[in-house]
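Summary of structural features
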Amino acid sequence: AAAWIQQRPPGRELDAGLAALAARFAGDGRRPEMAVRWAGEIVDSTLRAGTLAAVMRYWAGMDRSAATEYVMASPGLQPEERTMLLNELNRARPAY
């Protein structure tokens, strides 16, 4: 699925697939950076923000310091996105 999506131009018709890929990569606990990358490709701003927030909650549950470091260092985030994601990190609960 990822290879197919990469061959397509960005657009709203791919957004649901991108959100699903982001959830898959975040949920497996091994590749949260890829989950953020896929979420960042979503065109619809509301879906992108919600997907990024969900990915950050997953990541923070596994490794809050790595998730925070990524948010703080990511050059692709707008200031309001960074603030929203830091708020999500603060609300996330550790995974047990």
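Remember, it's a predicted structure, so these values are computed and weren't measured experimentally.

With that settled, the discussion passes to the overall build of the protein. For the protein, the helix and strand inventory stands at 5 helices and 0 strands. Secondary structure of the protein in N-to-C order comes out as α-α-α-α-α. Here the protein has a C-alpha radius of gyration of 13 Å; the compact-globule value for 96 residues is 12 Å, and the two agree. Over its C-alpha atoms, taken along the principal directions, the protein stretches across nearly 35 × 30 × 20 Å. Looking at the 96 residues of the protein, the share that counts as buried comes to 36%. Surface accessibility of the protein: about 5,800 Å² in total, with carbon and sulfur atoms responsible for 54%. Charged side chains of the protein number 12 positive and 11 negative; the gap between the two group centres comes to 4 Å.

With that settled, the discussion passes to the nonpolar core. Formed by 23 residues in total, the largest nonpolar core has its most connected members in V36, W38, V55, M56, V71, L85 and L89. If you list the elements that add at least two residues to this core, you get α2 (12-27), α3 (32-40), α4 (45-73) and α5 (79-91). In contact with V71, not counting residues within four places along its chain, are M56, L77, R82, L85, L86 and L89.

This part takes up the environment of A3. Along the polypeptide, A3 turns up in helix α1 (residues 2-6). Spatially, the C-alpha atom of A3 lies 12 Å from that of L18, the residues being 15 residues apart in sequence.

This part covers the layout of surface pockets. Empty space within the largest pocket amounts to approximately 150 Å³. In terms of lining, the largest pocket is formed by V36, R37, G40, E41, R48, L52, Y70, S74, G76, L77 and E81. Elements supplying a minimum of two residues to the lining of the largest pocket: α3 and α4.

In contact at an axis separation of 8 Å, α4 and α5 are set at 70° when each is read in the N-to-C sense. It follows that α4 is roughly perpendicular to α5 by the angle criterion. Along the lines of polarity and charge, the residues of the contact of α4 with α5 split into 13 nonpolar, 2 polar and 6 charged.

Reading the values: rules and limits
Residues numbered from 1 in each chain as written. Predicted model: local features only at pLDDT ≥ 70, side-chain atom pairs only at ≥ 80, totals over all residues. Heavy atoms only, no water. Helix = DSSP H or I, 4+ residues; strand = E, 2+ residues; numbered from the N terminus. Rg over C-alpha atoms; globule rule 2.2 N^0.38 Å. Buried < 20%, exposed > 50% of the residue type's maximum accessible area, 1.4 Å probe, protein only. Areas by Shrake-Rupley, 256 points an atom, 1.4 Å probe, with all protein chains shown as cover. Lys, Arg positive; Asp, Glu negative; His and termini not counted. Charge placed at Lys NZ, Arg CZ, Asp CG, Glu CD. Core = buried A, V, L, I, M, F, W, Y, C linked by side-chain atoms within 4.5 Å. Contact = heavy atoms within 4.5 Å. 1 Å grid on protein atoms, 1.4 Å probe; cavity = no way out; pocket = protein on both sides within 12 Å on 5 of 7 lines; lining within 4 Å. Points joined across faces, edges and corners; volume = space filled by probe spheres on them. Axes fitted to C-alpha atoms, helices over the stretch in contact; angles between N-to-C directions. Parallel < 35°, antiparallel > 145°, perpendicular 65-115°, else oblique. Nonpolar A, V, L, I, M, F, W, Y, C, P; charged D, E, K, R; others polar.

Everything listed is a geometric property; what it means functionally is a separate question.
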